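# Commentary on secondary and tertiary structure
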Amino acid sequence: MILNPNGCDLSRLRYKARQALWYLEHVFEIQGEHLTIFHTFDAIHEKGSLHYKNRAFDCGPPLRDRAGTLARVKEAMGPDYDLIDEGDHWHVEYDPK
């Protein structure tokens, strides 16, 4: 289940960003947790951020096994995705190399 407390418009996410969203939702569900989305293109992000190109989103990290989940998801998603632990949230973006 995806929780969206800020009412982010997920429909604007590009297909590859949505794939990451669906994958994370599945991983969190297996762990018995909900995926919480905080931001897509909304809010203020750095100049040139992929949020503004609808290729990035910010989500809450899992409550359990944060580091292990991050490592597994990064490996499974491959090099075209960046998954960054920014402390209070995870930044996820599709950025093909």
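Residues numbered from 1 in each chain as written. Predicted model: local features only at pLDDT ≥ 70, side-chain atom pairs only at ≥ 80, totals over all residues. Heavy atoms only, no water.

### So, the sheet that holds strand β2 (residues 35-39)
The cut-off we apply is this: For two strands to pair, DSSP has to find at least two bridges joining them. In this description a helix means any DSSP run of H or I spanning at least four residues, a strand means any run of E spanning at least two, and both kinds are numbered starting from the N terminus. Any two residues whose heavy atoms approach within 4.5 Å are treated as being in contact. Each axis is a line fitted through C-alpha atoms, and for a helix only the stretch in contact is used; angles between axes span 0 to 180 degrees, taken between their N-to-C directions.
The strand order across the open sheet formed by five strands is β1-β2-β3-β5-β4, and the pairing between neighbours is mixed. The open sheet terminates on both sides in strands that have one partner only, identified here as β1 (2-3) and β4 (81-85). Strands β4 and β5 (90-94) of the sheet are contacted by helix α2 (residues 66-77), whose axis makes an angle of about 170° with β4.

### Describing the pattern of salt bridges
To be explicit about the condition: Between Lys or Arg on one side and Asp or Glu on the other, a salt bridge is scored when a side-chain nitrogen of the former is within 4 Å of a carboxyl oxygen of the latter. Burial classification: accessible surface area is computed with a 1.4 Å probe over protein chains only, and a residue below 20% of its type maximum counts as buried, one above 50% as exposed, and the rest as partly exposed.
Inspection of the entire model under this criterion finds six salt bridges. One salt bridge connects glutamate 33 with arginine 64, and the closest N-O pair in it is separated by 3.8 Å. In this pair, glutamate 33 is assigned in the loop between α1 (15-30) and β2 and arginine 64 in the loop between β3 (56-59) and α2, connecting sequence segments 31 residues apart. Given the relative accessible area of 7%, glutamate 33 is considered buried. Its relative accessible area of 46% is what places arginine 64 among the partly exposed residues. Lysine 97 is the salt-bridge partner of aspartate 82, the closest N and O atoms lying 3.1 Å from each other. Here aspartate 82, found in strand β4, pairs with lysine 97, found in the segment after β5; they are 15 residues apart in sequence, far enough to count as distant. Members of the salt-bridge network, linked through shared partners, are Arg55, Asp82, Asp95 and Lys97.

### Some details on the pairing of β5
Within β5, five of the five residues are buried, leaving the element largely enclosed by the surrounding structure. Alternating residues of β5 divide into Trp90, Val92 and Tyr94 and His91 and Glu93, and every residue in both groups is buried. Across four bridges, the pairing between β3 and β5 is antiparallel. Paired with alanine 56 across the strands is glutamate 93, a residue of β5. Bridge analysis of β4 against β5 gives five bridges, and the strand direction is antiparallel.

### Some words on the side chain of histidine 91
What counts here: Distance and chemistry together define a polar contact, namely a pair of N or O atoms within 3.5 Å, with one atom able to donate a hydrogen and the other to accept it when in protein, and with adjacent residues in sequence counting only for side-chain atoms on both sides.
Tracing the sequence through the fold places histidine 91 in strand β5. The buried category is assigned to histidine 91, whose relative accessible area is 8%. Within polar-contact distance, the side chain of histidine 91 engages the side chain of histidine 51 at 3.2 Å. A polar contact is formed between the side chain of histidine 91 and the side chain of glutamate 93, at a distance of 2.7 Å. What histidine 91 contacts, discounting residues up to four positions off in sequence, is His51, Ala56, Phe57, Asp58, Asp82, Leu83, Ile84 and Glu86.

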